[in-house]
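This is what each chain is made of:
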Amino acid sequence: MRRDLALAALLWAVLTGVGEALLVAFDFQPSALSDKGERIKDAVSILAYFAMPVLALVLAGLVYSVVRFRGRGPEEEGTPIRAGIVPWIWLGATSALAFTIMLYPGLWGTVEVAKGSSSQSLTVQVEGLQWTWLVHYPGQGLKNQRELVLPVGQEVTIEVTSRDVLHSFWVPALMMKIDAIPGTVNRITFTPQEADSYANNPLLRLQCAELCGLSHARMVIPVRLVEKQEFLNWVEQQKR
Amino acid sequence: MAASEQVGLWQGLYYVRRGLLWGLVGFALGTGIAALFRVATGGNPWWLEHNFTVGYVFGLIGWLLGVGMWERWVKEWLGLPTQPNPHGWMRYFAFTTDHKVIGVQYLVTFLAVFLIAGLLAMLMRYHFLDSGGLLFDDGVYNQVMSLHGILMIAVAVAVIIGGFGNFLVPLMIGARDMAFPRLNALTYWLIPPVAILLFAAQAVGGWDTGWTAYPPLAVRNAAGQLFFNLAIITFGLSSILGGLNFMVTISFLRAPGMTWWRLPIFAWSILAASILALIFTQAFAASMLMEAVDRLAGTSFFAPPGKPILYQHIFWFYSHPAVYIFIIPGFGILLEVITHFSRKPLFAYRWAVAGFLAIVALSGLVWAHHMFVTTTEVALLGSFLVTTEAISIPTGLVFLSALGTIWMGRLWLTTPMLFALGGVFNFLIGGITGIYLADVPTDIQLSDTYFVTAHFHYTIIGGEIFALMAAIYYWFPKLTGRMYDERLGKLHFWLMFLGFNLAFLPMFWLGLHGMNRRVAIYEPGLEGVNMFVSAAAFLMGSGFLVFLGNMLRSWVRGKVAGANPWQARTLEWQVPSPPPEENFPAPPVVVGDPYDYGVAGAGPHVVLAPAGGREEG
Ligand code: HEM
Ligand SMILES: [Cu+2]
Ligand SMILES: [Cu+2]
């Protein structure tokens, strides 16, 4: 029993080590192009670091037992073991883990990501309707654009609503999503980080993420992140 | 009974035929009444959705009476003599009160639904071999996806509780039947109209709102949506009544000596799921009803100026607990099978039970984790994050019990045991990825992507359906009296285990890389991974051909199994296979723990009195 425990623990340690090393070595996510998106991307990685020992523990227990504790039929019986304090330890450890991730990245990240706008925010209104998006720039006097153009390094607040059914504003590369609900305006605030465009990065698209009927899958318009000056030029151009 | 065994096909299907006929008559009657009402109030008599709704209600009643509720229940209310259950194979096609017959009815029905919905999944995966879609146009894709979803949800709700719950719980607790046998029959016979509605809906354009039916879309789409709502209300009624029946049965019909702490873990899991079904399904039915009324009568609970988000609160108030209705019986099976095949007592049994009950208690407090992107209100986001992640703690106790049981056991790796161990592994992945969807920041990116699709298939297929397969192989000899083919069983396991993991693991990656769910087309850059996923899904699908072949062949020609081929201690194995109609010749007396394998000096779990023994003594 001692020896079995030691060997299984070793297996657990090895699996955890290998798993964590893989997580460090390979970035399994695309890059995030907004400040809050970077937070979210970090949260995904942090949760993976926390998850690895749990995954490895159960895997080690299963694999070790299947290899070592085989029987060939009902005549061979196992060795009953008393639970003793093991369940208490288990309860304590799993609770500690759960409460830790609730606080970080959980609640901490929630507050970060839900942070509202400051006075410098550029307001952009996005309206969903079956099956496209309309983008308005009230401060710039631009309406009904079919492309979402945002200046890099500038905090923006998107006001999202819908004309008909539920839709959801989602730009995968920004890692920002919020539902478009008729009769309600939802606001999200973030700062784009890097100039890029849909033509180059398929994740830079404003895609509907809530099933909205027939052409839901095609409810996409391109997104372009540009330098501030270029943004101003674009506004001028559109006005003409 | 030899004569009734030989009834012809036509005659044997008498009750089903009569049910269909009376159902049609009822439907015509209801439609007519609605039309007359319209004429009387000076309107167009063919107001289709309204006529249909009234027709459906009358048709449902006609169907139920026709399949035999008339002879076996309603006549009694009218002071007329009732008739006993039919015999032979005919009883499987009639309103019959034997819990074992009802269990088989449920199991076979839902396995058929499962295979049909699985076929739809294969079509969807074929469609995705090309990023532009190979098979369906947008509308048909939405329709097929929605149908696959709701059929599978129905399977997940009812196949274990309705099938194995009915067949096994009375046997396991030493009861003669369920507490309310006629109510039990009613819960089953409400199911065929649900299936008929869902398939018939396809003829009028289906519905395109998935299985979640969010308004306002669900108030303004094709008429198929109304069929969906009526079907779900009917199905909900069946679940509520079933939940009530199991709660009463397990609480009051346990054999002498079957104390709570001697109750097999599977019976505990059914009790826990029944509590959920009884309490929460009502919210589901209410949301469907309110939505239907918005559509039919112009109320505006959810349609503007009502609140579409209100629907989601009511809907998920049921539908999150519902996922525990799926999985807790799955846990029950996993632990049950693991302990019998580890030949060792169930480790931390009371802790596992406490885990089930804590999940039941918490599950009503987590619904809004499905709504993290509907709002930026931190109070809502934060509190539901905390309650949801807290559920991982009682769930962890189930893993403790499973791991502690196999530790130092003598694992007998039969097909059911392989499925049970595979289920533990799969559900672990499902559970860990669930944390990503409970964590608000990560869910903002991952909600409504293939990450979610992968997550819930891991919990439902990986956890529950693997448990279902373990149960089918484990109890096959009890249900049929025959043994399945072990080699084909193992082949099925490996095809399904590998196919499943290879198909669904890459979907997490797809979600992280921007593939949203419920889409008929996707970004061309993701085509390679999607082709791989489809190929693996076909591999998994082929496993079910092996399964089906094995089951059908073994049912007819398998070698005779005997009462207790696994030498298991629990009660259901102490009676002949298949069990006689009266279950036990005399009430059994429970004298020990159900899982004391390898315990020095442990007596049996149960003493079966011979027929008439108790009366004499
Ligand atoms: C080989 C097996 C299966 C495959 C390949 C498969 C595949 C799929 C696919 C491609 C979708 C559509 C995803 C989308 O467009 O968002 C889907 C949705 C779904 N599947 Fe499956 N599936 C399988 C088995 C199951 C099982 C066993 C269940 C439950 C018991 C299930 C439950 C669901 C549900 C609830 C949906 C969601 C429908 C909606 O979004 O409203 N599936 N599945
Ligand atoms: Cu949409
Ligand atoms: Cu949920």
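Preceding this section is the structure that the text describes.
Quick summary incoming for the structure in this document. (Residues numbered from 1 in each chain as written. Chains lettered and ligands numbered in written order. Predicted model: local features only at pLDDT ≥ 70, side-chain atom pairs only at ≥ 80, totals over all residues. Heavy atoms only, no water.)

### Examining the site of ligand 1
Residues and elements named next belong to chain B.
1) Next: Around ligand 1, a shell composed of 25 residues is seen, among which Y141, H148, H457, R517 and R518 lie nearest.
2) Next: Contact between ligand 1 and H148: a nitrogen atom at 2.8 Å from a side-chain N or O atom of the residue.
3) Next: H457 has a polar side-chain atom sitting 2.7 Å from a nitrogen atom of ligand 1.
4) Next: Sorting the residues of the shell around ligand 1 by element identifies α5 (99-127), α6 (138-173), α18 (450-480) and α20 (527-557) as the ones contributing at least two each.
5) Next: Along the lines of polarity and charge, the residues of the shell around ligand 1 split into 18 nonpolar, four polar and three charged. (Near = heavy atom within 4 Å. Polar contact = N/O pair within 3.5 Å; in protein donor to acceptor, adjacent residues only side chain to side chain. Helix = DSSP H or I, 4+ residues; strand = E, 2+ residues; numbered from the N terminus. Nonpolar A, V, L, I, M, F, W, Y, C, P; charged D, E, K, R; others polar.)

### Observations concerning the coordination of the iron atom of ligand 1
1) Next: Within the protein, H148 of chain B (NE2) and H457 of chain B (NE2) serve as the donor atoms for the iron atom of ligand 1, at 2.0 to 2.1 Å.
2) Next: Under the relative-accessibility criterion, H148 of chain B is labelled buried at 11%. (Donors = N, O, S within 2.8 Å, 3.2 Å for Na, K, Ca; no water. Buried < 20%, exposed > 50% of the residue type's maximum accessible area, 1.4 Å probe, protein only.)

### Re unusual backbone geometry
1) Next: The step from Y104 of chain A to P105 of chain A runs through a cis peptide bond, and the omega angle for that step is 5 degrees.
2) Next: Relative to the elements of secondary structure, P105 of chain A occurs in helix α3 (residues 86-114).
3) Next: The step from S577 of chain B to P578 of chain B runs through a cis peptide bond, and the omega angle for that step is -15 degrees.
4) Next: By the secondary structure assignment, P578 of chain B is in the loop between α20 and β2 (589-590).
5) Next: Positive phi, close to 50 degrees, is recorded for A348 of chain B, a residue that is not glycine.
6) Next: Position of A348 of chain B relative to the elements: it lies in the loop between α12 (308-342) and α13 (349-363).
7) Next: Look at A348 of chain B and you get buried, because its relative accessible area is 8%.
8) Next: Phi at R518 of chain B is positive, roughly 60 degrees, even though this residue is not glycine.

### A closer look at the interface of chain B and chain A
1) Next: Facing 85 residues of chain B, the contacting portion of chain A comprises 88 residues.
2) Next: Taken together, both faces of the contact between chain B and chain A bury some 7,400 Å²; the carbon and sulfur share is 71%.
3) Next: It is W407, M408 and Q445 of chain B that lose the most area in chain B upon contact with chain A, and together they represent 10% of the buried surface on that side.
4) Next: One salt bridge connects E523 of chain B with R205 of chain A, and the closest N-O pair in it is separated by 3.5 Å.
5) Next: Here chain B is connected to chain A by 26 residue pairs in polar contact (both at pLDDT 80 or more).
6) Next: Class assignment for the residues of the side of chain B that touches chain A results in 49 nonpolar, 23 polar and 13 charged.
7) Next: Taken together, the two bridges between strand β1 (residues 70-71) of chain A and strand β1 (residues 411-412) of chain B define a ladder with parallel strand orientation. Opposite R70 of chain A, over in β1 of chain B, you have L411 of chain B as the bridge partner. (Contact = heavy atoms within 4.5 Å. Buried area = accessible area lost by both parts, 1.4 Å probe. Salt bridge = Lys/Arg side-chain N within 4 Å of Asp/Glu carboxyl O. Pairing = 2+ DSSP bridges.)

### Describing the coordination of the copper ion (ligand 2)
Residue and element names in this part refer to chain A.
1) Next: Of the protein atoms, only C208 (SG), E210 (O), C212 (SG) and H216 (ND1) coordinate the copper ion (ligand 2), at distances of 2.1 to 2.5 Å.
2) Next: One can describe the donor arrangement at the copper ion (ligand 2) as tetrahedral, given that its four donor atoms subtend angles of 86 to 129 degrees at the metal.
3) Next: Along the chain, the residues that donate to the copper ion (ligand 2) are spaced as C-x1-E-x1-C-x3-H.
4) Next: Classification of C208 as buried rests on a relative accessible area of 0%.
5) Next: You can call C212 buried: its relative accessible area is 0%. (Tetrahedral: all angles 85-135°; square planar, octahedral: opposite > 155°, others 65-115°.)

### Quick notes on a nonpolar patch on the surface
1) Next: Taken together, the side chains of L7, L10, V14, V18, L22 and F26 of chain A define a hydrophobic patch exposed on the protein surface, amounting to about 560 Å² of accessible area.
2) Next: The class of V18 of chain A is partly exposed, set by a relative accessible area of 46%. (Patch = residues over 30% accessible without salt bridge, like charges linked within 9 Å, V, L, I, M, F, W, Y side chains within 5 Å. Areas by Shrake-Rupley, 256 points an atom, 1.4 Å probe, with all protein chains shown as cover.)

### Examining the packing of α5 of chain B against helix α7 (residues 181-189) of chain B
All names here are of chain B.
1) Next: The N-to-C vectors of α5 and α7 enclose an angle of 15 degrees; their axes lie 10 Å apart at closest approach. Here α5 lies roughly parallel to α7, going by the angle between them. Here α5 runs over α7; the crossing is left-handed. Note on element contacts: α7 touches α5 through P181, N184, A185, T187, Y188 and W189, opposite H99, I102, Q105, Y106 and T109. (Axes fitted to C-alpha atoms, helices over the stretch in contact; angles between N-to-C directions. Parallel < 35°, antiparallel > 145°, perpendicular 65-115°, else oblique. Left-handed = near helix turned anticlockwise from the far one by under 90°.)

### Points about the pattern of salt bridges
1) Next: Within this structure, the stated rule accounts for 16 salt bridges over all chains.
2) Next: Across the pair E147 of chain A and R224 of chain A runs a salt bridge whose closest N-O atoms are separated by 2.8 Å. Highlighted residues: E147 of chain A in the loop between β4 (142-145) and β5 (148-151) and R224 of chain A in strand β12 (residues 220-226), separated in sequence by 77 residues.
3) Next: Measuring nitrogen to oxygen at the nearest pair gives 2.6 Å for the salt bridge that ties D138 of chain B to R218 of chain A. With D138 of chain B in helix α6 and R218 of chain A in the loop between β11 (205-208) and β12, this residue pair bridges two chains.

### Side note on the environment of L403 of chain B
1) Next: Counting through the fold element by element, L403 of chain B comes out in helix α15 (residues 392-406).
2) Next: When the C-alpha atoms of L403 of chain B and F347 of chain B are compared, they prove to be 8.1 Å apart, with 56 residues separating the residues in sequence.
3) Next: If near-sequence neighbours (up to four positions away) are discounted, L403 of chain B is found in contact with V58, G61, L62 and W90 of chain A.

### Digging into the packing of aromatic side chains
Geometry of an aromatic ring pair is reported as the spacing of the ring centres plus the angle between the planes.
Residues and elements named next belong to chain B.
1) Next: For the structure on display, the rule yields 69 aromatic pairs over all chains.
2) Next: Ring geometry for F302 and Y311: centres 5.3 Å apart, planes at 80 degrees, overall edge-to-face. Across this residue pair, the class does not change: F302 and Y311 are buried.
3) Next: With 5.4 Å between their ring centres and 80 degrees between their planes, F317 and W367 make a pair best called edge-to-face. Of the two residues, F317 is situated in helix α12 and W367 in the loop between α13 and α14 (378-390); the sequence distance between them amounts to 50 residues.
4) Next: Residue class for F317 comes out partly exposed when judged on its relative accessible area of 30%.
5) Next: Residue placement shows R17 over the ring face of W10; its charged tip is 3.8 Å from the ring centre. (Phe/Tyr/Trp six-rings, centres within 6.5 Å; stacked < 30°, edge-to-face > 60°. Lys NZ or Arg CZ within 6 Å of the ring centre and 35° of its normal.)

As far as function goes, none of this settles anything; it's purely spatial.
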